[in-house]
Amino acid sequence: MTKGRILVVEDDADNLQLVCILLETAGHEVLTSRSGQEGLDLVRQEHPDLVVMDLSLPEVDGWTAARELKADPQTAVVPLLALTAHTLPGDRKRALEAGFDGYISKPINIAVLIETVSRTLEQALTLKEG
């Protein structure tokens, strides 16, 4: 399994802790942010291999953050996974249209989270090396 530096942007402390534990247990290095603006700043400063981001965030929501990151040539290549409780019909499509590369719904299914992160990281790092 490919290991990487992953930024988790989540404002709920319990969800943030859970995702961090799961990703660290899987061998990833994890960076964290509690707001959309801080998440944007960290992507630009730290250049993570992957971002896992909630959609409902303080300051800048996940949809806006995704659009900003994908519009910037320096950050457009960073894969983004939405991790969200927004599960109404159309929410997945809206997230993908905003620039997310994948979508994981809450409550968190551990196997789905790990598999989606691993697959997305592997694809991104293969493209980066290729």
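Structure shown above.
Basis of the calculations
- Residues numbered from 1 in each chain as written.
- Predicted model: local features only at pLDDT ≥ 70, side-chain atom pairs only at ≥ 80, totals over all residues.
- Heavy atoms only, no water.
- Phe/Tyr/Trp six-rings, centres within 6.5 Å; stacked < 30°, edge-to-face > 60°.
- Lys NZ or Arg CZ within 6 Å of the ring centre and 35° of its normal.
- Buried < 20%, exposed > 50% of the residue type's maximum accessible area, 1.4 Å probe, protein only.
- Helix = DSSP H or I, 4+ residues; strand = E, 2+ residues; numbered from the N terminus.
- Pairing = 2+ DSSP bridges.
- Right-handed = clockwise from strand over helix to strand, strands pointing away.
- Axes fitted to C-alpha atoms, helices over the stretch in contact; angles between N-to-C directions.
- Parallel < 35°, antiparallel > 145°, perpendicular 65-115°, else oblique.
- Left-handed = near helix turned anticlockwise from the far one by under 90°.
- Contact = heavy atoms within 4.5 Å.
- Nonpolar A, V, L, I, M, F, W, Y, C, P; charged D, E, K, R; others polar.
- Salt bridge = Lys/Arg side-chain N within 4 Å of Asp/Glu carboxyl O.

K.L.:
With reference to specific residues and values, describe the packing of aromatic side chains.
P.N.:
Scanning the model with the defined rule gives 0 aromatic pairs in all. The aromatic ring of W63 is capped on one face by R94, whose charged end is 3.7 Å from the ring centroid.

K.L.:
Hey, could you go over the pairing of strand β1 (residues 5–9) for me, with residue numbers and the actual values?
P.N.:
The buried fraction of β1 amounts to 4 of the 5 residues, a majority that puts the element mostly inside the structure. Across 5 bridges, β1 lies against strand β2 (residues 29–33) in parallel orientation. The residue bridging I6 from the neighbouring strand is V30, located in β2. Tracing the backbone out of β1, into helix α1 (residues 13–25) and back to the parallel element β2 gives a crossover that is right-handed.

K.L.:
Could you give me a rundown of the packing of α1 against helix α5 (residues 110–129), with the residues and numbers involved?
P.N.:
Where α1 meets α5, the axes come as close as 11 Å, and the angle between the chain directions of the two elements is 60°. Classified by the angle between their axes, α1 and α5 sit oblique to one another. α5 is crossed by α1, and the crossing has right-handed handedness. In this structure, α1 uses V19, L22 and L23 to contact α5, whose residues at the interface are I110, L113, I114 and V117.

K.L.:
Which residues make up the packing of helix α2 (residues 36–46) against helix α3 (residues 62–71), and what values go with them?
P.N.:
Where α2 contacts α3, the axes come no closer than 10 Å and their chain directions differ by 25°. Viewed along their axes, α2 and α3 adopt a mutual orientation that is roughly parallel. α3 is crossed by α2, and the crossing has right-handed handedness. Between α2 and α3, the contacting residues are L40, V43 and R44 on the first element and A65, E68 and L69 on the second. The residue inventory of the contact of α2 with α3, partitioned by class, reads 4 nonpolar, no polar and 2 charged.

K.L.:
Please set out the pattern of salt bridges residue by residue, giving values where relevant.
P.N.:
Counted according to the given criterion, the structure contains 9 salt bridges. The residue E29 makes a salt bridge to R5 at a minimum N-O spacing of 3.3 Å. Linking E29 in strand β2 with R5 in strand β1, this pair joins segments that are 24 residues apart in sequence. Exposure remark for E29: the relative accessible area of 43% places this residue in the partly exposed category. Among the salt bridges present, the one from K106 reaches E10, with a minimum N-O distance of 2.7 Å.

K.L.:
Describe the pairing of strand β4 (residues 80–84), and please don't skip the residues or the numbers.
P.N.:
Along β4, 5 of the 5 residues are buried, which leaves the element largely enclosed by surrounding structure. Alternating residues of β4 divide into L80, A82 and T84 and L81 and L83, and every residue in both groups is buried. Two elements, strand β3 (residues 50–53) and β4, share 3 bridges in a ladder whose sense is parallel. Its bridge partner being in β4, M53 is matched across the sheet by A82. Following the chain from β3 across α3 to the adjacent parallel β4, one finds a crossover that is right-handed. Handedness of the crossover is the feature at issue here: the chain leaves β4, passes through helix α4 (residues 91–98), returns alongside strand β5 (residues 102–105), and the resulting connection is right-handed.

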